[in-house]
Amino acid sequence: MGKYEEDVVKLLEYVGGKENIAAVTHCVTRMRFVLNDPSLADEKKLKRCRV
């Protein structure tokens, strides 16, 4: 198991699953997701997420 595997599983759940991700980009401090259906994302959990 990788160091961040558990965090990644939670993050995928919070954004509505891998099928809901249209695109992902990153910079030094954050990841930016383009979601197919933003209403599937759990914003409260994402804001608390420290991945």
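Scroll up a little and you will see the structure.
Throughout what follows, the structure given in this document is the object of discussion. (Residues numbered from 1 in each chain as written. Predicted model: local features only at pLDDT ≥ 70, side-chain atom pairs only at ≥ 80, totals over all residues. Heavy atoms only, no water.)

## Quick look at the overall build of the protein chain
Of regular secondary structure, the protein chain possesses two helices and two strands. Compactness check: the protein chain gives a C-alpha radius of gyration of 11 Å against a globular reference of 10 Å for 51 residues, within 12% of the reference. Principal-axis analysis of the C-alpha atoms gives the protein chain an extent of 30 × 20 × 20 Å. Looking at the protein chain as a whole, 12% of its 51 residues qualify as buried. (Helix = DSSP H or I, 4+ residues; strand = E, 2+ residues; numbered from the N terminus. Rg over C-alpha atoms; globule rule 2.2 N^0.38 Å. Buried < 20%, exposed > 50% of the residue type's maximum accessible area, 1.4 Å probe, protein only.)

## Here we look at the environment of valine 34
Mapped onto the fold, valine 34 is located in strand E2 (residues 31–35). For valine 34, a relative accessible area of 46% translates into the label partly exposed. Counting along the chain gives 26 residues from valine 34 to valine 8, while the straight-line C-alpha distance between them is 17 Å. Apart from the residues lying within four places of it in its own chain, the contact partners of valine 34 are Asn20, Ile21, Ala22 and Ala23. (Contact = heavy atoms within 4.5 Å.)

## A closer look at the environment of aspartate 7
Relative to the helices and strands, aspartate 7 resides in helix H1 (residues 5–14). Along the primary structure aspartate 7 and arginine 50 are separated by 43 residues, whereas in three dimensions their C-alpha atoms are 8.6 Å apart.

## Points about the pattern of salt bridges
One pass over the full model with this rule turns up two salt bridges. Note that glutamate 13 is salt-bridged to lysine 45, the shortest N-O span being 4.0 Å. One end of the pair, glutamate 13, is in helix H1; the other, lysine 45, is in helix H2 (residues 43–48), and 32 residues separate them in sequence. According to the relative accessible area criterion, lysine 45 is partly exposed, its value standing at 30%. (Salt bridge = Lys/Arg side-chain N within 4 Å of Asp/Glu carboxyl O.)

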